[in-house]
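Given next are the chains, with one letter for each unit.
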Amino acid sequence: MPSLLDRLLPPPRAWKRARPEELLYALNEAPPVGLTLNMGMQHAFLSLMFSLYAVVAGQAIGLEPAGVSAFVSGSIFLLGVATLLQAVPSRLGAGMILVAIPSAARLSIFISVAGNYGLGAAMGATIVSGIAAIGFARLIPRLRAVFPPEVIGVVVLMLGLSLVGTGLSRGVGLTAAGEVSQAAIVSALATIACIIAVSLWAPPVLRRLAMVVGALAGTLVAVLTGAAEPGGLASLSALPPLAVPLLGLDLPAPSFALAPIAVFLVAQLIGVMDLFGGVLSMDKMNDAQWRRVDMSVVARAVTGMGLVHVAQGATGLLASGTSSANLGLAHATGVTAWRVGAAAGLVLMATAFCPMVAGLIALTPAPVIGGILVYTAAFLIVSGMGLATSRMMNTQRGFTVGLALVCGTGVMLLPALAHASPGWSRVIVTSGLTVGSVAAVLLNALLRIGVRQTAVLVLDPASEARQAAEFLERQGRAWGARAEVVVRAGVALGEALEALRQAGTEGRVTLSASFDEFNLRCRLEHAGTPLPLAAEDAPDAAALMAAEGEDALNEAMRRVSAALIARLADRVRAGRRGEVAELVFEFEH
């Protein structure tokens, strides 16, 4: 019986994965120490590019330059803690590369609440939202029907689309006057081209540096073309060479106001779904035969995120989110080992003691960051499309995916909708990612009404195999089962029905099927004796040819059918239930 600790904080468990051939080092593999450190530095470098959000937050809440420096150093340190916590397999993390960055989605909320209610209210709301995430993590393993692949596919797809605007505006150097910069466009294209070229055609040693090569090439082009900010290096002189993170922050006591807490809870729900998408993308990247995300991994990831948010709230910092760009880096390099994430976390924590290093990386030209975001957006959009259509589609599922995407992209294409919405709803309506994600969850819950999880059909002996296959296909679409599992089940049932008739079964056979996201279970109920299922292997061709007499041939064919059924189904058993014989199949989903 599981202990109280195991119930509250489930431990990591073994999860069988089929290693994709394109990966150089998969999730649980151990790259060489040098490579681990090299890749960890790349992931940390990419996270530090987005430390600019922490700079903006510190300046917006009125901190002096020394306070901004302490604010940024503390943010980087806790980003490292968050990354390390998620990377190391434990009760408090996913055991994956999930690199943390200051959450751009929460930036405006943090600034608004701190400006209107005070920093203490923002701290209290962040703490409460972190505690809420920890509590919500306990429910996630029971919510697999609420977050099927089509819903998470919409979230991942909308996440990719949400990066397009930011990436393109930075990549083309778009100004407030609507002008673009040719130098910026050239820099962004150089970044993207180098990332793609190194990822596709470079030897494995260089593939690991795809993002760094792209960033360096883009930066060089930006400097040569004038797309880089002039005089940026001069600003580094104001930064101290060494500083202890989290010291020097003049913090008020946390306060707990209802309105800020409500706004932060909505933002936290979207943050949980964003993290869900990140876990799913990394999980799928590590499994060539991926079927579904392990909900216990998601629960541990959300727990770790909630703990870090409590710490960030207590220290007055902007809450963190998961970096989509780092998912793109893992995909481009083919290195997804969790040890790399741990190295990235340690590098970030060490960098927090050196503000000048973080400041230097934060000077990465905007077109280079734009190019990286465009590459990441393309990866996430394709991944989201694959997830959203990975199950058999029917009308309900088509409405869920299609209408959710319309809602999300509609907000992106028509910003006037957000301005026309009530003030209390703008925190939701201003984000296409938020609107699309919420719409997908609500539509999935609404349109599942009336879908039975168990269906029964009495088969006509004249065409029972065809009826069984069509029945399973129809129900598979309604349940959202994977097509290959449904096809395999149809073939197994057809073989079993033929074997039953050869064994002398008479009368109609009743087929019942049920689905619970993990298994497709089929049951054939019939009169007579249970179908004998031999444990031995099927006879070879020579044995079939050597069979003498009709009885011997029938016995050989029975063994062939039994072996074929056993191979098609993950588990099969024959027996009696009351006065009826039954043949039960289970197909792992």
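Cut-offs and rules
- Residues numbered from 1 in each chain as written.
- Predicted model: local features only at pLDDT ≥ 70, side-chain atom pairs only at ≥ 80, totals over all residues.
- Heavy atoms only, no water.
- Helix = DSSP H or I, 4+ residues; strand = E, 2+ residues; numbered from the N terminus.
- Buried < 20%, exposed > 50% of the residue type's maximum accessible area, 1.4 Å probe, protein only.
- Contact = heavy atoms within 4.5 Å.
- Areas by Shrake-Rupley, 256 points an atom, 1.4 Å probe, with all protein chains shown as cover.
- Pairing = 2+ DSSP bridges.
- Salt bridge = Lys/Arg side-chain N within 4 Å of Asp/Glu carboxyl O.
- Expected span 1.5 Å × (residues − 1).
- Patch = residues over 30% accessible without salt bridge, like charges linked within 9 Å, V, L, I, M, F, W, Y side chains within 5 Å.
- Axes fitted to C-alpha atoms, helices over the stretch in contact; angles between N-to-C directions.
- Parallel < 35°, antiparallel > 145°, perpendicular 65-115°, else oblique.
- Left-handed = near helix turned anticlockwise from the far one by under 90°.
- Nonpolar A, V, L, I, M, F, W, Y, C, P; charged D, E, K, R; others polar.
- Core = buried A, V, L, I, M, F, W, Y, C linked by side-chain atoms within 4.5 Å.
- pLDDT = per-residue confidence, 0-100.

## Notes on the overall build of the protein
Link 1 in the chain: For the protein, the helix and strand inventory stands at 24 helices and 7 strands.
Link 2 in the chain: The burial tally for the protein puts 49% of its 589 residues in the buried class.
Link 3 in the chain: Pairs at least 24 residues apart make up 80% of the contacts formed inside the protein by residues separated by at least 6 positions.
Link 4 in the chain: Here the protein has roughly 25,700 Å² of accessible surface; of this, 66% comes from carbon and sulfur atoms.

## As for the pairing of strand β5 (residues 519-526)
Link 1 in the chain: As paired elements, strand β4 (residues 510-515) and β5 share 6 bridges and run antiparallel to each other. Bridge assignment links Phe515 to a residue of β5, and that residue is Leu520.
Link 2 in the chain: The sheet contact formed by β5 and strand β7 (residues 580-588) spans 8 bridges and is antiparallel. Counted as the bridge partner of Leu524 is Leu583 from β7.

## What to know about the environment of Ser561
Link 1 in the chain: Mapped onto the fold, Ser561 is located in helix α24 (residues 550-568).
Link 2 in the chain: Along the primary structure Ser561 and Glu495 are separated by 66 residues, whereas in three dimensions their C-alpha atoms are 6.6 Å apart.

## Brief notes about the pattern of salt bridges
Link 1 in the chain: Across all of its chains, the model carries 14 salt bridges by this definition.
Link 2 in the chain: Across the salt bridge formed by Glu464 and Arg501, the nearest N and O atoms sit 2.9 Å from each other. With Glu464 in helix α21 (residues 464-479) and Arg501 in helix α22 (residues 483-502), the pair connects residues that are 37 residues apart, well separated along the chain.
Link 3 in the chain: According to the relative accessible area criterion, Glu464 is buried, its value standing at 7%.
Link 4 in the chain: Each of Arg523, Glu525, Arg573, Arg577 and Glu582 takes part in a single network of salt bridges with overlapping partners.

## Considering helix α12 (residues 295-314)
Link 1 in the chain: Here α12 is 20 residues long and its end C-alpha atoms lie 29 Å apart, about the 28 Å a rise of 1.5 Å per residue gives.
Link 2 in the chain: By the criterion of burial, α12 is predominantly enclosed, with 16 of the 20 residues buried.
Link 3 in the chain: At the C-terminal side of α12, Gly316 shows a positive phi close to 75 degrees.

## Here's the deal with the environment of Val154
Link 1 in the chain: Looking at the element boundaries, Val154 is found in helix α7 (residues 149-171).
Link 2 in the chain: For the pair Val154 and Ala440, spaced 286 residues apart in sequence, the C-alpha to C-alpha distance is 6.9 Å.
Link 3 in the chain: Not counting chain neighbours up to four residues away, the residues in contact with Val154 comprise Val401, Ala404, Leu405, Gly436 and Ala440.

## A few points about the side chain of Ser75
Link 1 in the chain: Mapped onto the elements, Ser75 comes out in helix α4 (residues 65-87).
Link 2 in the chain: Contact partners of Ser75, with chain neighbours within four places excluded, come to Ala54 and Leu317.

## So, a nonpolar patch on the surface
Link 1 in the chain: Together, Leu242, Val244, Leu247 and Phe353 give the surface a local cluster of nonpolar side chains, amounting to about 400 Å² of exposed area.
Link 2 in the chain: Tracing the backbone shows Phe353 in the loop between α14 (338-351) and α15 (355-361).

## Remarks on the packing of helix α6 (residues 119-137) against α12
Link 1 in the chain: Packing of α6 against α12 leaves a shortest axis separation of 7 Å and a crossing angle of 165 degrees. Classified by the angle their axes make, α6 and α12 are roughly antiparallel. Here α6 runs over α12; the crossing is left-handed. Residues Met123, Thr126, Ile127, Gly130, Ile131, Ala133, Ile134 and Ala137 of α6 form the contact with α12, whose own contacting residues are Ala299, Val302, Thr303, Met305, Gly306, Leu307, His309, Val310, Gly313 and Ala314.
Link 2 in the chain: For the contact of α6 with α12, the residue count by class is 12 nonpolar, 6 polar and no charged.

## Some details on the nonpolar core
Link 1 in the chain: Core analysis: the largest hydrophobic core is formed by 107 residues, its most contacted members being Phe50, Met96, Phe276, Val279, Val293, Val302 and Ile372.
Link 2 in the chain: Tallying contributions element by element places helix α11 (residues 258-285) first for this core, with 11 residues.
Link 3 in the chain: Excluding anything up to four places from it in sequence, Phe50 contacts Ile101, Pro102, Ala325, Ile369 and Leu373.
Link 4 in the chain: Ala489, Leu493, Leu511 and Ala569 belong to the second largest nonpolar core, which has 31 residues in total.

## A closer look at helix α17 (residues 395-413)
Link 1 in the chain: The end-to-end C-alpha distance of α17 is 26 Å, a good match for the 27 Å that 19 residues give at a rise of 1.5 Å each.
Link 2 in the chain: Looking only at α17, the buried set comprises Arg397, Thr400, Val401, Ala404, Gly408, Gly410 and Val411.

## Comments concerning the sheet that holds β4
Each strand in a sheet pairs with its neighbour through backbone hydrogen bonds, running either in the same direction (parallel) or in the opposite one (antiparallel).
Link 1 in the chain: Strands sit in the order β3-β4-β5-β7-β6 across an open sheet of 5 strands; the sheet is antiparallel. The open sheet has two edge strands, β3 (454-458) and β6 (571-577), and neither has a second partner. The sheet shows a mean angle of 15 degrees between the axes of neighbouring strands, taken without regard to direction.
Link 2 in the chain: Contacts from α21 reach β3, β4 and β5, with the element oriented near 160 degrees to β3.
Link 3 in the chain: The strands touched by α22 are β4, β5 and β7; relative to β7, the strand with the most contacts, the crossing angle is about 155 degrees.

## Here's the deal with the confidence of the model for the protein
Link 1 in the chain: Per-chain confidence: the protein averages 83 in pLDDT, with 88% of residues scoring 70 or above.
Link 2 in the chain: Considering each helix and strand of the protein separately, the mean pLDDT is smallest for helix α23 (residues 541-546), with a value of 54, and largest for α14, with 95.

## Some details on the packing of α11 against α12
Link 1 in the chain: Running from N to C, α11 and α12 point in directions that differ by 135 degrees, and their axes come no closer than 10 Å. Accordingly, the angle class assigned to the pair α11 and α12 is oblique. Between α11 and α12 lies a crossing whose hand is right-handed. Two secondary-structure elements touch here, α11 through Gln268, Gly271, Val272, Leu275, Phe276 and Val279 and α12 through Met295, Val297, Val298, Ala301, Val302, Met305 and His309.
Link 2 in the chain: Looking at side-chain class alone, the contact of α11 with α12 contains 10 nonpolar, 3 polar and no charged residues.

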